[in-house]
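Coordinate analysis (summary)
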Amino acid sequence: MPSTAPRYTLTLACRGGTGQIARASTRLAKLGCYIDEMSVFDDTGNGRFFMRCVFHARHAVIDPSQLRHALVGSDADDGFDMHWQLFEPGIRPRVLIMVSRLDHCLNDLIYRQRIGDIDMEIAAIVSNHALLEPVATAAGLPFLHLPVEAGTRERQEERLLQLMQDSDSELLILARYMQVLSHPTSQALAGRAINIHHSFLPGFKGARPYHQAHARGVKLIGATAHYVTDDLDEGPIIEQVVERVDHAFTPERLQAAGRDMECQALARAVRYHLERRVFISGSRVVVLR
């Protein structure tokens, strides 16, 4: 049923059971809505059900309050414990990007935003160093230098949280930001901050991980994008990219391959989040592609 009408995205999370899809689709139909795309997953491990639905209506505008009443109605406590969000078309999600000294992920995100590969509006670039300000300036983006020094971390993160609120940004992207967010900030940004880092098997922590990997002769390297939590680099994983390597790879070649994979994994994770495809299910992430 081809249509140029605006497409809305509806996400649902509820208890597992019988009738969730029928309930949502029937009530959308009663509103005169046509479902363009639907993806579901039943997480039997924790008894949760997730759905992402893209739809349009005969009318250009849908009253969200009318939609809520039609979907939930008076039987909100019928056992489903349904939580839903409606995302209206034409509203570009706003994001903040944090960086330190490395620019490959930042440049990749700016390029993907510019060509429309990721539909987002970059509110500002934030960094604990001033090194990458020219990158932001060249892209016509605001740049904010928030240095982290002894005794200033709490104040710096307070300014960051205030900037998130003032800029109406829904997502913080740590594009190789080499500082650990504190417990209060991680809690405040739960499910709204995505980080990227290398993912070696076995893992190498600390400085010069690619040189450590080379010394151990690894055969598989990769990158992991995940939500930020209090546990360093152990938040729910959204996306991972891997590549086989061999003895011929120098540390420099490993680094080059790693940069490419970091860009890929981070861009995919950001796109999935902003397209409303990601659901946190306990310590795991469900991505309805």
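Below is a short write-up of the structure. (Residues numbered from 1 in each chain as written. Predicted model: local features only at pLDDT ≥ 70, side-chain atom pairs only at ≥ 80, totals over all residues. Heavy atoms only, no water.)

1. Description of the overall build of the protein
Per the secondary structure count, the protein includes eight helices and 13 strands. By its C-alpha atoms, the protein is 60 × 40 × 40 Å across when sized along the principal axes. In the protein, buried positions account for 47% of the 289 residues. Counted over contacts in the protein with a minimum sequence separation of 6, partners at least 24 positions apart contribute 67%. Averaging the coordinates of the 32 positive side-chain charges in the protein and doing the same for the 34 negative ones gives two points 4 Å apart. (Helix = DSSP H or I, 4+ residues; strand = E, 2+ residues; numbered from the N terminus. Buried < 20%, exposed > 50% of the residue type's maximum accessible area, 1.4 Å probe, protein only. Contact = heavy atoms within 4.5 Å. Lys, Arg positive; Asp, Glu negative; His and termini not counted. Charge placed at Lys NZ, Arg CZ, Asp CG, Glu CD.)

2. A short note on the pattern of salt bridges
For the coordinates displayed, the defined rule picks out 14 salt bridges. Among the ionic pairs, arginine 271 bridges to aspartate 117, the shortest N-O distance being 2.5 Å. Taken together, the residues span a long stretch of sequence, with arginine 271 in helix 8 (residues 251–274) and aspartate 117 in the loop between helix 3 (104–115) and strand 6 (121–127) at a distance of 154 residues. Relative accessible area serves as the criterion here: at 16%, arginine 271 is assigned to the buried category. Of the charged contacts, one joins arginine 176 and glutamate 262 as a salt bridge, the two residues approaching to 3.0 Å between their closest N and O atoms. In this pair, arginine 176 sits in the loop between strand 8 (171–174) and helix 6 (183–188) while glutamate 262 sits in helix 8, placing the two residues 86 residues apart along the sequence. For the pair shown, arginine 176 and glutamate 262 are each scored as buried. Linked by salt bridges that have partners in common, Glu37, Arg52, Glu275 and Arg277 make up one network. (Salt bridge = Lys/Arg side-chain N within 4 Å of Asp/Glu carboxyl O.)

3. A few points about the sheet that holds strand 1 (residues 8–15)
Taken in spatial order, the four strands line up as 2-3-1-4 in an open sheet, and their pairing is antiparallel. In the strand order of this sheet, the two ends are held by strand 2 (33–43) and strand 4 (83–87), each with one partner. With strand direction ignored, the average angle separating the axes of adjacent strands in the sheet is 15 degrees. Sheet topology places strand 1 next to strand 3 (residues 48–57); eight bridges connect them, and they run antiparallel. (Pairing = 2+ DSSP bridges. Axes fitted to C-alpha atoms, helices over the stretch in contact; angles between N-to-C directions.)

4. Considerations on the sheet that holds strand 9 (residues 193–198)
Across the sheet, seven strands lie side by side as 7-6-5-8-9-10-11; this open sheet has mixed pairing. Both edges of this open sheet fall to strand 7 (143–145) and strand 11 (237–244), since each of them pairs with a single strand only. Here the strands of the sheet are splayed against their neighbours by 20 degrees on average, with no regard to which way each runs. Where strand 8 lies against strand 9, three bridges are found, and the strand directions are parallel. Note on strand 9: the bridge partner recorded for isoleucine 173 is isoleucine 194. Contacting strand 5 (94–99), strand 8, strand 9, strand 10 (220–227) and strand 11, helix 8 crosses the sheet at an angle of about 155 degrees to strand 11.

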